[in-house]
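# What the coordinates show
Take a look at the letters that make up each chain.
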Amino acid sequence: AQKITQTQPGMFVQEKEAVTLDCTYDTSDQSYGLFWYKQPSSGEMIFLIYQGSYDEQNATEGRYSLNFQKARKSANLVISASQLGDSAMYFCAMAGYGWTGRRALTFGSGTRLQVQP
Amino acid sequence: DVKVTQSSRYLVKRTGEKVFLECVQDMDHENMFWYRQDPGLGLRLIYFSYDVKMKEKGDIPEGYSVSREKKERFSLILESASTNQTSMYLCASRLAGGGTGELFFGEGSRLTVL
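Residues numbered from 1 in each chain as written. Chains lettered and ligands numbered in written order. Predicted model: local features only at pLDDT ≥ 70, side-chain atom pairs only at ≥ 80, totals over all residues. Heavy atoms only, no water.

### As for the environment of S7 of chain B
All names here are of chain B. Condition: In this text, helices come from DSSP runs of H or I with a minimum length of four residues, and strands from runs of E with a minimum of two, each type numbered from the N-terminal end. Whether a residue is buried, partly exposed or exposed follows from its accessible area with a 1.4 Å probe, protein chains only, as a fraction of its type maximum: under 20%, in between, or over 50%, in that order. Between two residues, a contact is recorded if the distance between any of their heavy atoms is within 4.5 Å.
Mapped onto the elements, S7 comes out in the loop between β1 (4-6) and β2 (10-13). Relative accessible area serves as the criterion here: at 47%, S7 is assigned to the partly exposed category. Leave out the neighbours within four places in its chain, and S7 touches L21 and E22.

### With respect to the pairing of strand β10 (residues 88-98) of chain A
Residue and element names in this part refer to chain A. Here is the rule we go by: For two strands to pair, DSSP has to find at least two bridges joining them.
With respect to burial, β10 is a largely interior element, 9 of its 11 residues being buried. Bridging between β10 and strand β13 (residues 111-116) involves 3 bridges; their strand directions are antiparallel. Within β13, the residue paired with Y90 across the bridge is T111. Pairing of β10 with strand β12 (residues 106-107) involves 2 bridges; the strand directions are antiparallel. Bridge pairing in β12 links M94 to T106. Note that β10 and strand β11 (residues 101-102) share 2 bridges and pair antiparallel. For G98, the partnering residue across the bridge sits in β11 and is G101.

Below, the structure is given as structure tokens:
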């Protein structure tokens, strides 16, 4: 079974500051992928960043980086230089590899980020 | 541009009605998924389909069924809608192999059951 835990229901950050959104996971799969999605108030799910379990380097995509600590089973999202448009719900998710291939994504409960001017 | 289209953004149904939620993708993806999203619970998997005519139960399949007769279309069926099925329903698709395995989502269907 796969499980994702996001312990921060809501967070505030000042514009231009960095913020870390926490995510821990649990899986028995040796190979897996970790994902972060953003959901603005309009409702669409926007893929932000991906980390493979065997990737040695932490993933980065523009202002987003994923702080992957495999031994601690954590995959925190770091947003640098927050912008007002970053205000949204953020979901951490994972998919392991089973005998049929990649499993469906399991999502956490989400963190609502509000960026203040 | 990749596209997952859900047939209805908003639906209001009565308890006991049969409800169809339709999802179409134009990316030739093998895998398709139905999730429901509720506040504080995140996204929970209802059903997924690895390929045409194949389906597997997710974490909360009770009260739902699915149909995948064509590769591009994945339908979610509520045989007899109940008020506890009031929720946002999200359809997604994914390539079976290669790439990151990210899901591509539709815009969601907000269902209210009265």
